Amino acid sequence: MIDALTKAWQLHPTGMLLVVIDNSSNEAARKSIEDICRQRGVPYFSLPWNRERHWSRSHGTAVNWVFDNIVRHVRPELFGFIDHDCFPTAPFDMPARMEGKKVFGLKSAPTENFRYKARSNDRQWCLWGGFCFFRFSAVENIAMDFTPRMELGLDTGGGNWQPLYSHLTEKDVAAVEMSFIPVTFGGATGEHELFDGKMFHVGGSSYAQQTNTRHHRGAEHRQLLSDYIWDRYLGGVDGRLVSTP
């Protein structure tokens, strides 16, 4: 997926610099990802080893580290975070999308995944940690916290509800529109997401056993999905650095 992500960023201008921040728990994976970034000329940074075992807490802890130790020092006008399996399929002017806005991304409401039963009058929300962007001047004096808030039913990024999102008005937020794309291989269908019609999010790329398919599980399914992504969005499989997923 890093191979596809970095290629997509070359093909489809976004107005944002891509930096790969590596939270992998496997040393071989880190070396492979660093090599892909080197070949594509993409800045790469390897995070300190993350001891969190819960995937949402691990993700949130990693993003907090990046915000506190990199973003606060660089002080970019705009910055954001995307998952490794989320990439542009067409030119996408993100700075223009954020004109006059403080945050931009996919709004996420409480979920019962955290054993939280949402009530009709609940108003808490966060931007999904896999696609969230911010105007630095709007958050530089805020104690940002991207860890989940399970007691509120909020996934990665939920810790920002109290210090940030609860104080925003509707005009401060640029919320993406999400549509779904069914992808079928030999009768097996998986559902993927498209943000604002230009940003493709691969469903279940990290967890092949969770993809919505009845056939082609595991390596075979990943190969078919990889070929589909490269042929449809990235100029053909000849452009891959990694020949097999």
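Residues numbered from 1 in each chain as written. Predicted model: local features only at pLDDT ≥ 70, side-chain atom pairs only at ≥ 80, totals over all residues. Heavy atoms only, no water.

Peer 1: Would you mind going over the overall build of the protein in detail, with residue names and values included?
Peer 2: Helix and strand content of the protein: six helices and ten strands. Considering the protein as a whole, with its 245 residues, one finds that 46% of them fall into the buried category. Nonlocal contacts in the protein, meaning residues at least 24 apart in sequence, comprise 65% of its contacts between residues at least 6 apart. Element-wise, carbon and sulfur atoms account for 48% of the exposed surface of the protein, whose accessible area totals about 12,900 Å². (Helix = DSSP H or I, 4+ residues; strand = E, 2+ residues; numbered from the N terminus. Buried < 20%, exposed > 50% of the residue type's maximum accessible area, 1.4 Å probe, protein only. Contact = heavy atoms within 4.5 Å. Areas by Shrake-Rupley, 256 points an atom, 1.4 Å probe, with all protein chains shown as cover.)

Peer 1: Any chance you could break down the nonpolar core for me, citing the residues and the numbers?
Peer 2: The nonpolar side chains of soluble globular proteins are, as a tendency, buried together. In this structure, Phe87, Met94, Phe104, Phe131, Phe195 and Phe200 are the most contacted members of the largest nonpolar core, which totals 37 residues. For this core, the leading source of residues is helix α1 (residues 2-11), giving five residues. Core analysis: the next-biggest nonpolar cluster, separate from the first, contains 25 residues, Cys132, Val139, Met144 and Leu164 among them. (Core = buried A, V, L, I, M, F, W, Y, C linked by side-chain atoms within 4.5 Å.)

Peer 1: Go over the sheet that holds strand β7 (residues 173-175) with me, naming the residues and quoting the values.
Peer 2: In sheet architecture, strand pairing relies on hydrogen bonds along the backbone and comes in two forms, parallel and antiparallel. Taking strand neighbours across the sheet as the criterion, the four strands line up as β3-β6-β5-β7 in an open arrangement whose pairing is mixed. Of all the strands in the sheet, just β3 (78-82) and β7 have a single pairing partner and so form its edges. Averaged over neighbouring strand pairs, the angle between their axes works out to 30° when direction is ignored. Its contacts with the sheet place helix α3 (residues 55-74) against β3 and β6 (126-135), and it is angled at close to 155° to β3. (Pairing = 2+ DSSP bridges. Axes fitted to C-alpha atoms, helices over the stretch in contact; angles between N-to-C directions.)

Peer 1: Outline helix α2 (residues 27-40), listing residues and values.
Peer 2: With 14 residues, α2 extends 20 Å between its outermost C-alpha atoms, agreeing within 8% with the 20 Å of an ideal straight helix rising 1.5 Å per residue. Taken residue by residue, α2 has Arg30, Ile33, Ile36, Cys37 and Arg40 as its buried positions. All buried residues of α2 fall inside an arc of 125° around its axis, so they share one side. Away from its buried face by more than 90 degrees, α2 exposes Ala28, Lys31 and Arg38. The N-cap of α2, judged by a side-chain oxygen 2.8 Å from the amide nitrogen of Ala28 a few residues on, is Asn26. Phi for Gly41, located one or two positions after α2, is positive at around 70°. (Expected span 1.5 Å × (residues − 1). Arc of directions from axis to C-beta. Polar contact = N/O pair within 3.5 Å; in protein donor to acceptor, adjacent residues only side chain to side chain.)

Peer 1: Describe the pattern of salt bridges, listing the residues and the values that go with them.
Peer 2: For the coordinates displayed, the defined rule picks out ten salt bridges. The shortest N-O distance in the salt bridge between Asp145 and Arg149 comes to 2.7 Å. For Arg149, a relative accessible area of 24% corresponds to the partly exposed category. (Salt bridge = Lys/Arg side-chain N within 4 Å of Asp/Glu carboxyl O.)

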